[in-house]
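Fold and geometry: a report
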Amino acid sequence: QKEVEQNSGPLSVPEGAIASLNCTYSDRGSQSFFWYRQYSGKSPELIMSIYSNGDKEDGRFTAQLNKASQYVSLLIRDSQPSDSATYLCAVHRDTGRRALTFGSGTRLQVQP
Amino acid sequence: GAGVSQSPRYKVAKRGQDVALRCDPISGHVSLFWYQQALGQGPEFLTYFQNEAQLDKSGLPSDRFFAERPEGSVSTLKIQRTQQEDSAVYLCASSLGSSGGLSYNEQFFGPGTRLTVL
């Protein structure tokens, strides 16, 4: 079992719809959770961070965290073709190992 | 301010050659990380520096890989006697560090160096 699991996709949604991206993790010591967006041929770009249970909203993006279920998700409202990218979920322990552990990413396609 | 920069952006090496990849982190960032990303995969951790100290090198795949950050700023990842399996994108990331709360762990990535070993 991988430490961070994501559906590889592609997830295809029509323009204007809500895209829902999911991630599960195995390390209960994880304290910080991040979503990165990566366009083809580019490097990961941090778009959301979440540290406590519940929802965190930033513009069209909402991150949701449920530590009991070891589950984190990203909702993108009013999806745009420019949102088409791979979305990487990453977790961080805060103690001990400092590195981020990434999932393999979910490819999102927003159809115009 | 300026983000993380990396050079070169692309490197083609013949098998057996040595290569050096450079990372210039965001000014004031204490922590620096190197990751390796294969096509279709998420970044995989290689090594971590806090200032000039290399605190974790558990991800380095072999003793052909070596990293340094002698003055606590710019870092170099060196790969000796490159092999075809070393072909990947090498990403550098930096963060403020862990002294100021969880948000200080947010890591910002440079553009990466795409290494191709022929």
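In this report, the structure presented in the accompanying data block is examined.

Rules and cut-offs
Residues numbered from 1 in each chain as written. Chains lettered and ligands numbered in written order. Predicted model: local features only at pLDDT ≥ 70, side-chain atom pairs only at ≥ 80, totals over all residues. Heavy atoms only, no water. Helix = DSSP H or I, 4+ residues; strand = E, 2+ residues; numbered from the N terminus. Rg over C-alpha atoms; globule rule 2.2 N^0.38 Å. Buried < 20%, exposed > 50% of the residue type's maximum accessible area, 1.4 Å probe, protein only. Areas by Shrake-Rupley, 256 points an atom, 1.4 Å probe, with all protein chains shown as cover. Lys, Arg positive; Asp, Glu negative; His and termini not counted. Charge placed at Lys NZ, Arg CZ, Asp CG, Glu CD. Core = buried A, V, L, I, M, F, W, Y, C linked by side-chain atoms within 4.5 Å. Pairing = 2+ DSSP bridges. Axes fitted to C-alpha atoms, helices over the stretch in contact; angles between N-to-C directions. Salt bridge = Lys/Arg side-chain N within 4 Å of Asp/Glu carboxyl O. Contact = heavy atoms within 4.5 Å. Buried area = accessible area lost by both parts, 1.4 Å probe. Polar contact = N/O pair within 3.5 Å; in protein donor to acceptor, adjacent residues only side chain to side chain. Phe/Tyr/Trp six-rings, centres within 6.5 Å; stacked < 30°, edge-to-face > 60°. Lys NZ or Arg CZ within 6 Å of the ring centre and 35° of its normal.

Within chain B, the regular secondary structure consists of 0 helices and 11 strands. Helices and strands in chain B line up, N terminus first, as β-β-β-β-β-β-β-β-β-β-β. For 118 residues, the compact-globule formula gives about 13 Å, and the C-alpha radius of gyration of chain B, at 14 Å, lands near that figure. C-alpha atoms of chain B, sized along the principal axes, occupy 45 × 25 × 20 Å. Among the 118 residues that make up chain B, the fraction classed as buried is 44%. A total of about 5,800 Å² of accessible surface is found on chain B, and carbon and sulfur atoms cover 47% of it. Of the side-chain charges in chain B, 11 are positive and 11 negative, and the distance between the mean point of each set is 9 Å.

With that settled, the discussion passes to the nonpolar core. Counting 23 residues, the largest nonpolar core has Phe-33, Trp-35, Val-72, Leu-74, Ile-76, Tyr-87 and Leu-108 of chain A as the members making the most contacts within it. Counting only elements with at least two residues in this core, the list comes to β3 (19–25), β4 (32–38), β5 (45–50), β7 (61–66), β8 (71–76), β9 (85–92) and β11 (106–111) of chain A.

Another aspect to go through is the sheet that holds strand β3 (residues 19–24) of chain B. All names here are of chain B. Across the sheet, 4 strands lie side by side as β1-β3-β8-β7; this open sheet has antiparallel pairing. Both outer strands of the open sheet, β1 (5–7) and β7 (65–68), are each paired with one neighbouring strand and no more. The mean angle between the axes of side-by-side strands here comes to 15°, regardless of whether they run parallel or antiparallel. When β7 meets strand β8 (residues 75–79), the two strands line up antiparallel, connected through 4 bridges. Each bridged residue has a counterpart across the sheet, and for Phe-65 the counterpart in β8 is Ile-79.

All names here are of chain A. Under the definition given, this model contains 7 salt bridges over all chains. For Glu-45, the salt bridge goes to Arg-37, with nearest N and O atoms at 3.0 Å. Residue Asp-83 is joined to Arg-60 by a salt bridge in which the shortest nitrogen-to-oxygen separation is 2.9 Å. In this pair, Asp-83 is assigned in the loop between β8 and β9 and Arg-60 in the loop between β6 (54–58) and β7, connecting sequence segments 23 residues apart. Look at Asp-83 and you get buried, because its relative accessible area is 1%. Arg-60 sits in the partly exposed class, given a relative accessible area of 27%.

Further remarks concern the interface of chain B and chain A. Taken together, the 21 residues of chain B in the interface contact 21 residues of chain A. Buried surface at the junction of chain B and chain A, both sides included, amounts to about 1,700 Å², of which 55% is carbon and sulfur. When residues of chain B are sorted by the area they lose upon contact with chain A, Leu-102, Asn-105 and Phe-109 of chain B head the list and together hold 27% of the total. Remark: the boundary between chain B and chain A carries 0 salt bridges. Linking chain B to chain A there are 7 residue pairs in polar contact (both at pLDDT 80 or more).

Residue and element names in this part refer to chain B. Among the structural elements, Ser-75 can be located in strand β8. Side-chain polar atoms of Ser-75 contact the side chain of Trp-34, separated by 2.9 Å. Beyond its immediate chain neighbours, meaning those up to four positions away, Ser-75 contacts Leu-21, Arg-22, Cys-23, Leu-32, Trp-34, Phe-49, Glu-68 and Arg-69.

This part is about the side chain of Ser-31 of chain B. Inspection of the secondary structure assignment puts Ser-31 of chain B in strand β4 (residues 31–37). Apart from residues lying up to four places away in sequence, Ser-31 of chain B is in contact with Tyr-48, Phe-49, Arg-69, Ala-93, Ser-94, Ser-95 and Gly-97 of chain B.

Further remarks concern the packing of aromatic side chains. Overall, the coordinates contain 11 aromatic pairs over all chains when judged by the stated rule. Geometrically, the ring pair formed by Tyr-36 of chain A and Phe-102 of chain A is tilted, given 5.6 Å between the ring centres and 55° between the ring planes. Residue Tyr-36 of chain A is found in strand β4, and its partner Phe-102 of chain A is found in strand β10 (residues 101–102); the two are separated by 66 residues along the sequence. For the pair shown, Tyr-36 of chain A and Phe-102 of chain A are each scored as buried. Considering the side-chain rings of Tyr-35 of chain B and Phe-109 of chain B, the 5.5 Å spacing of their centres and the 45° angle between planes classify their relative orientation as tilted. Pair noted here: Tyr-35 of chain B is in strand β4 and Phe-109 of chain B is in strand β10 (residues 108–109), with a separation of 74 residues, a long-range link. Judged by relative accessible area, Phe-109 of chain B falls into the buried class, the value being 11%. Chaining the aromatic ring pairs together yields one cluster made of Tyr-36 and Phe-102 of chain A together with Phe-33, Tyr-35, Phe-45, Tyr-48 and Phe-109 of chain B. Here the basic side chain of Arg-60 of chain A rests over the ring of Phe-61 of chain A, its NZ or CZ set 5.6 Å away from the ring centre.

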